[in-house]
Amino acid sequence: MSAGPGLPGALAHLEPLLDKGGYPALALLVGLDNALIPVPGQTMLVVAAVYAGTGRMNVVAVALVAWAAATAAAEAAYLLGRRQGSALIDRYGHHVRLTPQRYARAETFYRRRGTSIVCAARFVDVLRQTNGLLAGANHLPHASFSAANAVGAAAWAGAWTALGYGAGTNIGPLYREAVRYQLLLLPALALLLAFVIARVWWKRRHRQPQDRAPASR
């Protein structure tokens, strides 16, 4: 592959890797970034999209490779969570006050809301790396996870590919702003999850006296 387009800042550090590795390098970093390992897979996707805008890569191929790698990696993380997640929680959960009862409530919540979390997780650092493992550990049905995983990966790959392809070498400021707003989503999502969990807890607490009433007759 020919020399890159001369990108600014942190984006430039990935140019040599993309120059030498091409699509396999893109697939590797995107895959790792979507399966527990915090490497700059998202940044690599943006760089590849900029390359596509300059004619050095094919934009459709960039989006498809990123989508396939992200989807497959999260599927592998899901299977790991499904097989080992409960064992890890049983062994280490008490260290963070995650009792079996609390884990059961979290599992119920994840089954009800998990598909929405999986779809949105790609756009939030930390969740992007862990959503597959969490979904598996909380026993989100595999079919539901796979559908949400594919949709979320498509939206994520499509959005960043479009941004890089459209912005070209002017991507630097746009990418910094996008990442800044993306980082703000993590505490916002945490607050939303806390609100939903508190609401479920409140409803259950106030429903208990009514649920116990028939048994006392």
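Rules of the game
Residues numbered from 1 in each chain as written. Predicted model: local features only at pLDDT ≥ 70, side-chain atom pairs only at ≥ 80, totals over all residues. Heavy atoms only, no water. Axes fitted to C-alpha atoms, helices over the stretch in contact; angles between N-to-C directions. Helix = DSSP H or I, 4+ residues; strand = E, 2+ residues; numbered from the N terminus. Parallel < 35°, antiparallel > 145°, perpendicular 65-115°, else oblique. Left-handed = near helix turned anticlockwise from the far one by under 90°. Contact = heavy atoms within 4.5 Å. Nonpolar A, V, L, I, M, F, W, Y, C, P; charged D, E, K, R; others polar. Core = buried A, V, L, I, M, F, W, Y, C linked by side-chain atoms within 4.5 Å. Buried < 20%, exposed > 50% of the residue type's maximum accessible area, 1.4 Å probe, protein only. Expected span 1.5 Å × (residues − 1). Polar contact = N/O pair within 3.5 Å; in protein donor to acceptor, adjacent residues only side chain to side chain. Patch = residues over 30% accessible without salt bridge, like charges linked within 9 Å, V, L, I, M, F, W, Y side chains within 5 Å. Areas by Shrake-Rupley, 256 points an atom, 1.4 Å probe, with all protein chains shown as cover. Salt bridge = Lys/Arg side-chain N within 4 Å of Asp/Glu carboxyl O.

**Q** Please give an account of the packing of helix H2 (residues 15-33) against helix H3 (residues 41-53) that cites residues and values.
**A** Put simply, H2 and H3 touch, their axes get as near as 9 Å, and they point 135° apart. In this view, H2 runs oblique relative to H3, as classed from their interaxial angle. Here H2 runs over H3; the crossing is left-handed. Across the interface between the two elements, Glu15, Leu17, Leu18, Asp19, Ala25, Leu26, Leu29, Val30 and Asp33 of H2 pack against Gly41, Gln42, Met44, Leu45, Val47, Ala48 and Tyr51 of H3. Among the residues making up the contact of H2 with H3, the classes are represented as 11 nonpolar, 2 polar and 3 charged.

**Q** Break down the nonpolar core for me, with residues and values.
**A** Counting 23 residues, the largest nonpolar core has Val30 and Leu45 as the members making the most contacts within it. Elements that contribute at least two residues to this core include exactly H2, H3, helix H4 (59-92) and helix H7 (142-167). Among the elements that make up this core, the one with the highest residue count is H3 (7 residues). Judged by nonpolar contacts, the second largest core, of 9 residues, contains Ile117, Val118, Leu140 and Ala148.

**Q** Now, about H3: what can you tell me, with residues and values included?
**A** The end-to-end C-alpha distance of H3 is 19 Å, a good match for the 18 Å that 13 residues give at a rise of 1.5 Å each. Buried residues dominate H3, accounting for 12 of its 13 residues. Along H3, the positions that sit buried rather than exposed are Gly41, Gln42, Thr43, Met44, Leu45, Val46, Val47, Ala48, Ala49, Val50, Tyr51 and Ala52.

**Q** Just give me the short version of the side chain of Asn34, but keep the residues and values in it.
**A** Of note, Asn34 is situated in the loop between H2 and H3. Reaching out from Asn34, the side chain makes a polar contact with the backbone oxygen of Val30 at a distance of 2.8 Å. Of note is the side chain of Asn34, whose polar atom sits 2.5 Å from the side chain of Arg122. Those residues in contact with Asn34, other than ones at most four positions away along the chain, are Ala70, Ala73, Ala74, Arg122, Arg128, Gln129 and Trp156.

**Q** Before we move on, can you summarise a nonpolar patch on the surface with the specific residues and values?
**A** Taken together, the side chains of Leu36, Ile37 and Leu80 define a hydrophobic patch exposed on the protein surface, amounting to about 230 Å² of accessible area. Within the fold, Ile37 resides in the loop between H2 and H3.

**Q** I'd like a description of the pattern of salt bridges, backed by residues and values.
**A** Here the structure, examined in full by the defined rule, presents 2 salt bridges. The salt bridge involving Asp33 is made with Arg128; its shortest N-O contact spans 2.8 Å. Residue Asp33 is found in helix H2, and its partner Arg128 is found in helix H6 (residues 127-137); the two are separated by 95 residues along the sequence. Taking relative accessible area as the criterion, Arg128 reaches 3% and is therefore assigned buried. As a salt-bridge pair, Asp125 and Arg128 come within 2.5 Å of each other at their nearest N and O atoms. The network of salt bridges with common partners includes Asp33, Asp125 and Arg128.

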